[in-house]
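# Per-entry structural report
Take a look at the letters that make up each chain.
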Amino acid sequence: MKDKIKIAVLVSGGGTNLQALIDAQKAGIINSGRISLVVSNNINAYALERAKNEDIPSAVLLKSECGGQDAFEDRLIGLLKDNGIELIVLAGFMSILSEKFTKAFEHRIINVHPSLIPSFCGKGFYGLRVHEAALSYGVKVTGATVHYVNEIPDGGEIIMQKAVKIKKDDTAEILQKRVMQEAEWKILPRATENVCKKLIKAKGIV
Ligand code: GAR
């Protein structure tokens, strides 16, 4: 426990990926890290309920109340550092972080994106929009990607990907659910464990 990597999960919405991380921690799939904090930029995020149900400390940080992106990021950096956070997992966190933030946690932020990067990613591609774009382009295979976060939206080094086949009658909603079930909820916990292991190794603990 003492040597586990302290993880913060940043959320904005339903939090099914947060739930997948919690379940993976309970199942021992995540064993090298511990979810220590959940931060939401949306007070109504159901993800906050999920954290509460598991007695995971949570915080709400609103850009509007902080007085803009810069002040929001300063507060967020302070909160994460005060809590000794070593790895940040963006799990449906719908805000683009600036270079100042990503540089403050270089190679310590990962994100799950609901497509096979470099398709359907970058600014403007989030949530259901990603699946609408995949369907309207007519791709036959989509999926999910976990990647490191740098200053380029969805542009950091890829850690893990999983493909999902598109079916004839898919709507964006149906596809979103299948990509979550078949890809996101599987690769996000595995990638989190892998990165935690790497961070422990870098600390020289094992
Ligand atoms: C997930 O599909 C996640 O990949 C996506 O938002 C959804 C959040 O669901 N993230 C992005 O599009 C980020 N670019 P959740 O709140 O139930 O985990």
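Model, not experiment: these values are computed from the prediction.

Calculation rules
- Residues numbered from 1 in each chain as written.
- Predicted model: local features only at pLDDT ≥ 70, side-chain atom pairs only at ≥ 80, totals over all residues.
- Heavy atoms only, no water.
- Phe/Tyr/Trp six-rings, centres within 6.5 Å; stacked < 30°, edge-to-face > 60°.
- Buried < 20%, exposed > 50% of the residue type's maximum accessible area, 1.4 Å probe, protein only.
- Lys NZ or Arg CZ within 6 Å of the ring centre and 35° of its normal.
- Near = heavy atom within 4 Å.
- Polar contact = N/O pair within 3.5 Å; in protein donor to acceptor, adjacent residues only side chain to side chain.
- Helix = DSSP H or I, 4+ residues; strand = E, 2+ residues; numbered from the N terminus.
- Expected span 1.5 Å × (residues − 1).
- Contact = heavy atoms within 4.5 Å.

The next thing to look at is the packing of aromatic side chains. According to the stated counting rule, one finds 2 aromatic pairs in the structure shown. Ring plane angle 40° and centroid distance 5.4 Å describe the contact between F101 and F105, whose orientation is recorded as tilted. F101 gets classed as buried once you look at its relative accessible area, which sits at 0%. The aromatic ring of F105 is capped on one face by K81, whose charged end is 4.7 Å from the ring centroid.

Moving on to the site of the ligand. The local shell around the ligand holds 15 residues, among which G15, T16, N17, G127 and E184 are the closest. In this structure, an oxygen atom belonging to the ligand sits 3.4 Å away from a main-chain N or O atom of G14. Between the ligand and G127 there is a distance of 2.8 Å, counted from an oxygen atom to a backbone nitrogen or oxygen.

Here helix 1 (residues 16-27) is 12 residues long and its end C-alpha atoms lie 16 Å apart, about the 16 Å a rise of 1.5 Å per residue gives. Listed as buried for helix 1 are N17, L18, Q19, A20, L21, I22, A24 and Q25. Where helix 1 is buried, its residues meet strand 1 (5-11), strand 2 (33-40), helix 2 (47-53), strand 4 (87-90), strand 5 (109-113) and helix 7 (172-203). Following helix 1 by one or two positions, G28 has its phi on the positive side, about 85°.

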